[in-house]
Amino acid sequence: MGPRMVIAMSGGVDSSVVAALMVKAGWDAVGVTLQLRSCDDRMASRSCCSADGITQARAVAGALGIPHYVLDCRETFLDRVMRPAWAEYEQGRTPSPCLHCNREMKFGYLGEYAERIGAERIATGHYARVLRVGDDVHLLRGVDRAKDQSYFLSDLSPEQVARLELPLGALTKPEVRALARDLGLVTAERHESQDICLAMEGLGFPESLRQRFDKDTRPGNFVDTTGKVLGPHEGFHRYTIGQRRGLGIALGARAYVIGLRAEDAAVILSTEEADLHSSGLRASGLHWYTAPPQRCEAQIRSRHPGAPARLEFQGDGTVLVHFDTPQSAVTPGQAVAFYDGERLIGGGWIDAAI
RNA sequence: UGGGGAGUCGCCAAGUGGUAAGGCAGCAGGUUUUGAUCCUGCCAUACGAGGGUUCGAAUCCUUCCUCCCCAA
């Protein structure tokens, strides 16, 4: 048997296929499911972290003849992902819990576990590619650009990236599903799980956090760009830059949230879509997988295609990212991922639009 | 209680005799491993209330009610 590898198994199709492929490839595979939430936490049964997911993962591991363990990391998840996310909302920023979860849980907590059991690699079902060139590890976008998830990995440390194995990055979703059928995996027909590992049933992420931590609603006003009060809103945490639905206020035209002011919990609205555009952003918490470039593409949210930009490094460790053409809804708290073509070359966190 | 104006979906607003546009908000889906964005669908048997004219009225007449403005 080959070297040891930990497979992060959620109980879904993707990670099941990963496990099967890695076993086939001769790795000494160990399936692990992270339990992030309590079953009584009002979560949907299809959640990636639910009892159902654990059951499915165990079944697949059993069928493949590999060990399967469940790591109870509910407290860690609460402390490292959920609590910080709420803190972001309180500051008028919009958190990116999936990136934190990847860094802290799937490759942090699970990474430590892997180290303890002597595993060389961690494999997950993310749609991104790992390319090893000598000792150098390149993280590339998924071949299926519509499913590409490399953005969500952009906060991993170089050390975490070095141990990655992402077998699905060269495949499309239909191909993965077909593989699952061919391999006879019981999870072949499972539906996609969406954002349910974060939100409570029917509530949405921000409101779930508020209730989970029993925080105040923080009332305040909608104001326009001149500072004029337009009316009360329903809680500061419920809004994010670029949002236009769920505002509950009719201005006669589409209104967008263009700013959040934490001091007085004001939500700034504008009916001019142009007010959403920014010529650039300031980012901190930077890390690079290559030498920092002068130019690259900057991706500022999950489905953003990436925009060509010039980087201007500041003395304090932050960087100013100047887009070639203005981008919409630059949002503090979201990650910015830097690409050179297909290759993810670094990442950071958006602090402000400029 | 003199003069003028207005009352159509939660908000704004078309419609001036022929059988209720549209926008915003809202709701329901879709897309999406974050929040958003985006896409699709739904959303007034009803036009402040009563009476009348008419084959037929939100649209004409009339009474009442309510708002607003200008005078006092």
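Just so it is clear, the model here is predicted, and its values are computed rather than measured. (Residues numbered from 1 in each chain as written. Chains lettered and ligands numbered in written order. Predicted model: local features only at pLDDT ≥ 70, side-chain atom pairs only at ≥ 80, totals over all residues. Heavy atoms only, no water.)

1. A closer look at the sheet that holds strand β11 (residues 266–270)
Either a parallel or an antiparallel arrangement is found when strands of a sheet pair, and the pairing is made through backbone hydrogen bonds. Taken together, four strands build an open sheet; the order of strands is β9-β8-β11-β10 and the sheet is mixed. A strand with exactly one partner marks an edge of an open sheet, and here the two such strands are β9 (229–232) and β10 (256–261). Recorded for the sheet is a direction-independent mean angle of 30° between the axes of neighbouring strands. (Pairing = 2+ DSSP bridges. Helix = DSSP H or I, 4+ residues; strand = E, 2+ residues; numbered from the N terminus. Axes fitted to C-alpha atoms, helices over the stretch in contact; angles between N-to-C directions.)

2. Quick notes on the packing of aromatic side chains
Enumeration over the complete set of coordinates arrives at five aromatic pairs. When the ring of W288 is compared with that of F338, the centres are 4.8 Å apart and the planes differ by 20°; the resulting orientation is stacked. Separated by 50 residues along the polypeptide, W288 in strand β12 (residues 277–288) and F338 in strand β16 (residues 335–340) bring together distant segments of the chain. For W288, a relative accessible area of 17% translates into the label buried. Every member of this aromatic cluster is reached through a ring pair, and the members are W288, F313 and F338. Across from the ring centre of Y339, 3.5 Å away, lies the NZ or CZ of R141, which sits over that ring. (Phe/Tyr/Trp six-rings, centres within 6.5 Å; stacked < 30°, edge-to-face > 60°. Buried < 20%, exposed > 50% of the residue type's maximum accessible area, 1.4 Å probe, protein only. Lys NZ or Arg CZ within 6 Å of the ring centre and 35° of its normal.)

3. What to know about the packing of helix α3 (residues 74–90) against helix α7 (residues 205–212)
Angle between the axes and distance between the axes: these two values describe a pair of packed helices. One way to put it is that α3 packs onto α7 with a least axis distance of 10 Å and a crossing angle of 105°. In this view, α3 runs roughly perpendicular relative to α7, as classed from their interaxial angle. Facing α3, whose interface residues are L78, M82, A85, W86 and Y89, α7 presents F205, P206, L209, R210 and R212. Its residues assigned to classes, the contact of α3 with α7 shows eight nonpolar, no polar and two charged. (Parallel < 35°, antiparallel > 145°, perpendicular 65-115°, else oblique. Contact = heavy atoms within 4.5 Å. Nonpolar A, V, L, I, M, F, W, Y, C, P; charged D, E, K, R; others polar.)

4. What about the pattern of salt bridges?
By the definition in use, this model includes 21 salt bridges. Measuring nitrogen to oxygen at the nearest pair gives 2.9 Å for the salt bridge that ties E342 to R129. Here E342, found in the loop between β16 and β17 (343–353), pairs with R129, found in strand β5 (residues 128–133); they are 213 residues apart in sequence, far enough to count as distant. Accessibility expressed as a relative area gives 33% for E342, which makes it partly exposed. Within this structure, R80, R103, E104 and D155 form a network of salt bridges that share partners. (Salt bridge = Lys/Arg side-chain N within 4 Å of Asp/Glu carboxyl O.)

5. Some details on the environment of D224
Among the secondary structure elements, D224 is positioned in the loop between β8 (221–223) and β9. For the pair D224 and S270, spaced 46 residues apart in the sequence, the C-alpha separation amounts to 6.0 Å. For D224, the residues in contact, after removing those within four places along its chain, are L230, I268 and L269.

Honestly, that's just the spatial picture; any functional story needs more than this.
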